Amino acid sequence: MPRRSVVPLVIGTFVLRMNTGAGGIVLGLFLASLAAHTGYAITSLQVGLLSVVFFITELSLAPAMGALSDRWGRRLFMIVGPLLGLLHVALLPFTPVAQPLPYLLGLQVIAGLSSAMTIPTVLGYLADFTSRDVTRRVRLMSFYELATSGGIGAGVVLGGFAWDHFGRGAFGMLALFYLTAALCMFVSPTIVRRVDHGQMRAVAARYLRILRTPRLFIFIPAWICLSALLGVWFSSQLTFVLSKPRPALHQLFVGAMSGPGGGSHLSLVLGGYVLFFGLCLLFWAFFLKRVPRLLLMLTSVAGVYLACAALLAINHSTGSNPALVVWVPVLLLGSFAESSFAPSALAYLADISEESVADRGLLMGLYSVFLGLGQLLGNGLGGVFAHTWGFDGLVYLTALLACVALISLLALYQQERRLARRDAANAAVDESNVHEPSAIVDS
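Residues numbered from 1 in each chain as written. Predicted model: local features only at pLDDT ≥ 70, side-chain atom pairs only at ≥ 80, totals over all residues. Heavy atoms only, no water.

## Section: the overall build of the chain
Selection criterion: What counts as a helix is a DSSP run of H or I of at least four residues, what counts as a strand is a run of E of at least two, and both are numbered from the N terminus. Here's how the labels work: a residue is buried when its accessible area is under 20% of the maximum for its type, exposed when over 50%, partly exposed in between, all with a 1.4 Å probe on protein chains only. For every accessible area listed, the method is Shrake-Rupley and the probe measures 1.4 Å; residues are considered covered only by the protein chains on display.
Looking only at helices and strands, the chain features 15 helices and 0 strands. Relative to its 443 residues, the chain shows a buried fraction of 49%. Summed over all atoms, the accessible surface of the chain reaches about 20200 Å², with 70% contributed by carbon and sulfur.

## Overview of the environment of Met78
Our working definition: When checking whether two residues touch, look at their non-hydrogen atoms; a contact exists if any pair is within 4.5 Å.
Inspection of the secondary structure assignment puts Met78 in helix α3 (residues 74-91). Remark: the alpha-carbon pair of Met78 and Cys184, spanning 106 residues in sequence, is separated by 9.4 Å. Setting aside chain neighbours within four positions, we find Met78 in contact with Leu9, Thr121, Val122, Tyr125, Met185 and Ser188.

## Some remarks on a nonpolar patch on the surface
Quick reminder of the rule: Two joining distances apply to patches: 9 Å for like charges and 5 Å for nonpolar side chains (Val, Leu, Ile, Met, Phe, Trp, Tyr), and every residue must have over 30% relative accessible area and no salt bridge. The rule for a salt bridge is simple: a side-chain nitrogen of Lys or Arg has to be within 4 Å of a carboxyl oxygen of Asp or Glu.
Taken together, the side chains of Leu275, Leu279, Leu282, Phe283, Phe286 and Phe287 make up a nonpolar region of the molecular surface, amounting to roughly 530 Å² of accessible area. Summarising the element assignment, Phe286 is placed in helix α10 (residues 262-287). Here Phe286 falls in the partly exposed class, since its relative accessible area comes to 37%.

## Here we look at the side chain of Gln251
In plain terms, the rule: Polar contacts, as used here, are pairs of N or O atoms within 3.5 Å; protein pairs need one atom able to donate a hydrogen and one able to accept it. Residues neighboring in sequence count only if both atoms are side-chain atoms.
With respect to the helices and strands, the residue Gln251 is situated in the loop between α9 (236-242) and α10. Here the side chain of Gln251 touches Trp389 through a polar contact of 2.9 Å, landing on its backbone oxygen. With residues up to four places along the chain from it excluded, the contact list for Gln251 reads Asn315, His316, Trp389, Gly390, Phe391 and Asp392.

## Here's the deal with helix α4 (residues 101-129)
An α-helix turns once every 3.6 residues. As a result, residues three or four positions apart point the same way. Our working definition: Helix span, expected: 1.5 Å multiplied by one less than the number of residues in the helix.
Here α4 contains 29 residues, and its C-alpha end-to-end distance of 42 Å stays within 8% of the 42 Å for a straight helix at 1.5 Å per residue. With 22 of 29 residues buried, α4 is to be regarded as a mostly interior element.

## Regarding the packing of aromatic side chains
Operational definition: Side-chain rings of Phe, Tyr and Trp (the six-membered ring for Trp) are treated as a pair once their centres are within 6.5 Å; stacked means planes under 30 degrees apart, edge-to-face means over 60, and tilted covers the remaining angles.
One pass over the full model with this rule turns up 9 aromatic pairs. Where Phe30 meets Phe171, the ring centres are 5.4 Å apart and the plane angle is 90°; that geometry is what we call edge-to-face. Residue Phe30 is located in helix α1 (residues 7-38), and its partner Phe171 is located in helix α6 (residues 170-187); the two are separated by 141 residues in the primary sequence. On the numbers, 5.1 Å between centres and 80° between planes, the contact of Phe54 with Phe55 is edge-to-face. Classification of Phe55 by relative accessible area gives buried; the value is 8%. By the ring-pair criterion, three or more aromatic residues cluster together here, those being Phe219, Trp223 and Phe341.

## Considerations on the environment of Val15
Structurally, Val15 is set in helix α1. Overall, the relative accessible area of 9% leaves Val15 in the buried class. When the C-alpha atoms of Val15 and Ala181 are compared, they prove to be 6.0 Å apart, with 166 residues separating the residues in sequence. For Val15, the residues in contact, after removing those within four places along its chain, are Phe177 and Ala181.

## Quick notes on the packing of α3 against α4
Rule in force here: Inter-axis angles, ranging from 0 to 180 degrees, are taken between N-to-C directions of lines fitted to C-alpha atoms, where helices are fitted over the stretch in contact. Each angle gets one of four labels, with under 35 degrees taken as roughly parallel, over 145 as roughly antiparallel, 65 to 115 as roughly perpendicular, and the rest as oblique. Less than a right angle of anticlockwise turn of the near helix away from the far helix marks a crossing as left-handed, whereas a clockwise turn marks it as right-handed. The residue classification treats Ala, Val, Leu, Ile, Met, Phe, Trp, Tyr, Cys and Pro as nonpolar and Asp, Glu, Lys and Arg as charged. All others, Gly included, are polar.
Running from amino to carboxyl end, α3 crosses α4 at an angle of 155°, the nearest separation of the two axes being 8 Å. The angle between α3 and α4 falls in the class roughly antiparallel. Regarding α3 and α4, the two cross each other, and that crossing is left-handed. Along the lines of polarity and charge, the residues of the contact of α3 with α4 split into 15 nonpolar, 8 polar and 2 charged.

## Some points on the nonpolar core
The cut-off we apply is this: Nonpolar cores were defined as sets of buried Ala, Val, Leu, Ile, Met, Phe, Trp, Tyr and Cys residues, with membership established by side-chain atoms within 4.5 Å.
Core analysis: the biggest nonpolar cluster contains 86 residues, and Leu9, Leu126, Phe219, Trp233 and Met297 have the highest contact counts within it. Here this core takes 12 residues from helix α8 (residues 214-233), the largest share from any one element. Leaving out residues up to four positions away in the same chain, Leu9 has contacts with Met78, Val122, Tyr125, Leu126, Met185 and Ser188.

## A few points about the packing of α3 against α6
Helix packing geometry: the angle between the two helix axes and the distance between the axes. Two elements in contact, α3 and α6, have axes separated by 8 Å at closest approach and are oriented at 175°. Accordingly, the angle class assigned to the pair α3 and α6 is roughly antiparallel. Taken together, the residues of α6 that come into contact with α3 (itself represented by Arg75, Met78, Ile79, Pro82, Leu83, Gly85, Leu86 and Val89) are Phe171, Leu174, Ala175, Tyr178, Leu179, Ala181, Ala182, Met185, Phe186 and Val187.

## Topic: the side chain of Ser114
Inspection of the secondary structure puts Ser114 in helix α4. Given a relative accessible area of 5%, Ser114 falls into the buried group. A polar side-chain atom of Ser114 sits 2.5 Å from the main-chain carbonyl oxygen of Gly81.

## Here we look at the confidence of the model for the chain
Our working definition: Scored from 0 to 100, pLDDT records how confident the predictor is in each individual residue.
When pLDDT is averaged across the chain, the result is 78; 75% of the residues are at 70 or more. The spread of mean pLDDT over the elements of the chain runs between helix α7 (residues 200-211), the lowest at 62, and α6, the highest at 91. Per-residue pLDDT stays below 50 along residues 438-443; that stretch engages in 0 contacts with residues further than four places along the chain or on separate chains.

## Regarding the state of the cysteines
Put simply, the rule is: Our working definition of a disulfide is a cysteine sulfur pair at a distance within 2.5 Å.
Per the stated rule, a full pass over the model turns up 0 disulfides. Between Cys225, a free cysteine, and Cys403, which holds the nearest cysteine sulfur, the sulfur-to-sulfur gap is 9.3 Å.

## Points about the environment of Leu176
Checked against the element boundaries, Leu176 lands in helix α6. Leu176 sits 86 residues away from Ala90 along the chain, and the two C-alpha atoms are 9.9 Å apart.

Structure representation (structure tokens):
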């Protein structure tokens, strides 16, 4: 298959993630406008409930969608998923004024189904595409993460400006992007792969065996905790803390984006950070293969703690230039280190899928489960920590999640060492068995 054939898939992923970034901002501004003009008290708790419903839908359906794509083919799900996203944004402008919450919750179920259909099948497609070239797999998974973070960054910047210029017409722009993504998935070629059409009971038993793999279960806490950082730092909670109308004097970041033009400033700051994160992923796309996966994931945890120290220092500074000169580079260094986790973890998960080639869709569907659980955890706990300690609470929660991830990764490191010693011992036994007959003849 020509190497360039995967380009439409990467472009489609970028467009979908751009919709994710822009859609979150547009939806937040739409809800704020709805509450202001109708007098209906849409609370932050209800906004959080919308995120909870979305992630519960996604993480509960993603394994099933991935498993069905193993049997029915990837392209069907890759095309239908964006079309469901189009339906979601097309219906949002018709939200009723009276009691809009049930209507919005129903739309979030559609959005969660769209994501559950798209993400595991795209990852399964990429694993199929690179099944004969492990080195190329690392690079392609890095480009996938680059398209993901770059798309979210572009969407975050675009969302605020689109709402300012088009109002509810911004939903039409999002619908057009979904249509473009569906077209990109449609032109991606079909990959010849192994498909198992066995009886459902046998297939279900095999899936259960895969899910009980020790390497996978030890890895799950680390992935969930580090995925939770997305829920902590790229959610409406951070926007609320930065845009509070009454800033706390003892924390520099609380209320830093309040006042006129705060939304545009917030979009630019978050967009700039995600752009930097994307450039870091571009670096790892070319150098990831030179470093062991687990070592990179452990390095990413160290980067999280560097970033936490820098954020705490800046938050309790006076905003003076000397403090920024010292701590901003530390923050960027920590962000660079932690950016290595996603591509190395995806490559690690794809490596595990080599043990069950026919079930790649199910295994890669676990990516959505981990991501959804993590963001659900980050959104839920983020509200509690931010309510208690403000911006510092988000940093405290980040450090706590990184601690759990570190314990999980160290346990995984020990497991991999045990497996390596066992394989070495088996290889030594096989070699001795090969040479044993000749030794007998010589005697």
